[in-house]
Amino acid sequence: MTGERFPRAMVVLLTIAGAVITLAGIRAVSSIFGPVVLALVLVIAVAPVRGWLAARGAPVWVLVAVPLLIVLTVLLGMVTVLAVSVAQLASIIPTYSDRFTALTDQAREFAARFGVGTEQVNQALAAFDPSQVFQLVQTLFGGLLSIGSSLFLIAVLLLAMCLDAGAFGRIVSSGSDRRPALVNALAEFGRRTRRYLVVSTVFGMLTATLDVGALILLDVPLPLLWGVLALITIYIPNIGFIIGLVPPALLGLLDGGVRTMVLVIIAYSAINVVTQSFILPKFLGDAVGLSTTVTLLSLIVWTFVLGPLGAILAIPLSLLTRALLIDSDPSATWAAALISLEEPEDARGPEKAAGKTAEGGDDAEPGPR
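If you're wondering where the values come from, they're calculated on a predicted model, not measured in any experiment.

Points about the pattern of salt bridges
- What the rule picks out here adds up to 3 salt bridges.
- A salt bridge links glutamate 188 to arginine 191; its shortest N-O distance comes to 2.8 Å. Highlighted residues: glutamate 188 and arginine 191, both in helix α9 (residues 180-217), separated by 3 residues, approximately one helical turn. By the burial criterion, glutamate 188 is buried, and arginine 191 matches it.
- In this structure, arginine 192 engages glutamate 188 in a salt bridge whose closest nitrogen and oxygen atoms are separated by 3.0 Å. Remark: glutamate 188 and arginine 192 occur in helix α9; sequence separation between them is 4 residues, near one turn of the helix.
- What you see here is one network of salt bridges that share partners, running through Glu188, Arg191 and Arg192.

Here's what the structure looks like:
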């Protein structure tokens, strides 16, 4: 077929087929792929620590040991808190069976006042089972606790990546003359991922602290567990807030009644609106570079492929995919604009393009930092 081009429909079908095969392969080795990506993301997150130490002439073993200890300490702390809290949750859920029965009786009486039949109420209550909500939470935490079983693998990967980080950065930077688009795409991936993780973590800790304080004031059981859940769900795009809200609100209903549940919802909503809707976007800016639709689709795909860990890593994985497949191709500016809903630079005009370059500052530097 010399001189001929494949039909566009054929190219699209082959691309979809390749994506399906690739994702199926990743899912088949998800127990390995997940820890590898997690280790990569964590190394990227602590890269500024390594750079700060290197600038002060620290020896090589310090450049490796300090970032490694920081990451392992955070992972061990999270796994320990999750393990203890999930065990407490499993022990207290059965104690609320009588309370749930009393609430269902009150719901039937309340519905009868408005002429709603008992059979309709029973059907609605049958569809609503609080134990299923807590089972979903335990499933999410169980998937994250699997990190504990893979902790040795993650530690080995972290050690290897920390040892190779310096040489890898120099080798990638040396290719800026031959493959400038790829080098810049990898540098942009590192910058976007690091900014997303750092800003999200800071605001996640702030949100979690405020949530725990509100739950303590409302006397909702296991406030530390729900605080950890709020911190984790900040990395889950679009639906993270709902996942973090439903379990403590439901437990507030079972423990303190409707008034406590309503107060939990109000407190969480107020905290979320202030921190995640008004303040967080201003600090993140264009760090993600993905539209809302693409973000939601990436959440669905990566959760299907990697499970709960995929939901947490959905944004970094999507940024890596974008860097390798789109940002590294100079002719793919239209595709980049499509997934981020940003006007392509060649369509902005000289003034807007110059303004964007000035705002980007050191973002245009070739090679990873």
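Some points on the nonpolar core
- Core analysis: the biggest nonpolar cluster contains 52 residues, and Leu158, Trp302 and Leu313 have the highest contact counts within it.
- Ranked by size, the runner-up nonpolar core spans 13 residues in total, among them Leu89, Leu225, Ala249 and Leu251.

A word on the packing of aromatic side chains
- Applying the stated criterion across every chain, the model contains 0 aromatic pairs.
- Cation over ring: arginine 27 sits above phenylalanine 304, and NZ or CZ is 4.0 Å from the ring centre.

Here's the deal with unusual backbone geometry
- You will see that aspartate 219, though not glycine, has its phi angle at about 60 degrees, which is positive.
- As for its placement among the helices and strands, aspartate 219 is situated in the loop between α9 and α10 (223-233).
- One non-glycine residue, leucine 222, lies in positive phi territory at about 55 degrees.

What to know about the environment of arginine 195
- Looking at the element boundaries, arginine 195 is found in helix α9.
- When its relative accessible area of 31% is taken as the criterion, arginine 195 is described as partly exposed.

With respect to the environment of threonine 193
- Mapped onto the elements of the fold, threonine 193 is located in helix α9.
- For threonine 193, a relative accessible area of 0% puts it in the buried group.
- Distance in space between the C-alpha atoms of threonine 193 and isoleucine 315 is 8.1 Å, their sequence separation being 122 residues.
- Beyond its immediate sequence surroundings of up to four residues, threonine 193 is in contact with Val41, Ile44, Pro316 and Leu319.

What counts, and at which threshold
- Residues numbered from 1 in each chain as written.
- Predicted model: local features only at pLDDT ≥ 70, side-chain atom pairs only at ≥ 80, totals over all residues.
- Heavy atoms only, no water.
- Salt bridge = Lys/Arg side-chain N within 4 Å of Asp/Glu carboxyl O.
- Helix = DSSP H or I, 4+ residues; strand = E, 2+ residues; numbered from the N terminus.
- Buried < 20%, exposed > 50% of the residue type's maximum accessible area, 1.4 Å probe, protein only.
- Core = buried A, V, L, I, M, F, W, Y, C linked by side-chain atoms within 4.5 Å.
- Phe/Tyr/Trp six-rings, centres within 6.5 Å; stacked < 30°, edge-to-face > 60°.
- Lys NZ or Arg CZ within 6 Å of the ring centre and 35° of its normal.
- Contact = heavy atoms within 4.5 Å.

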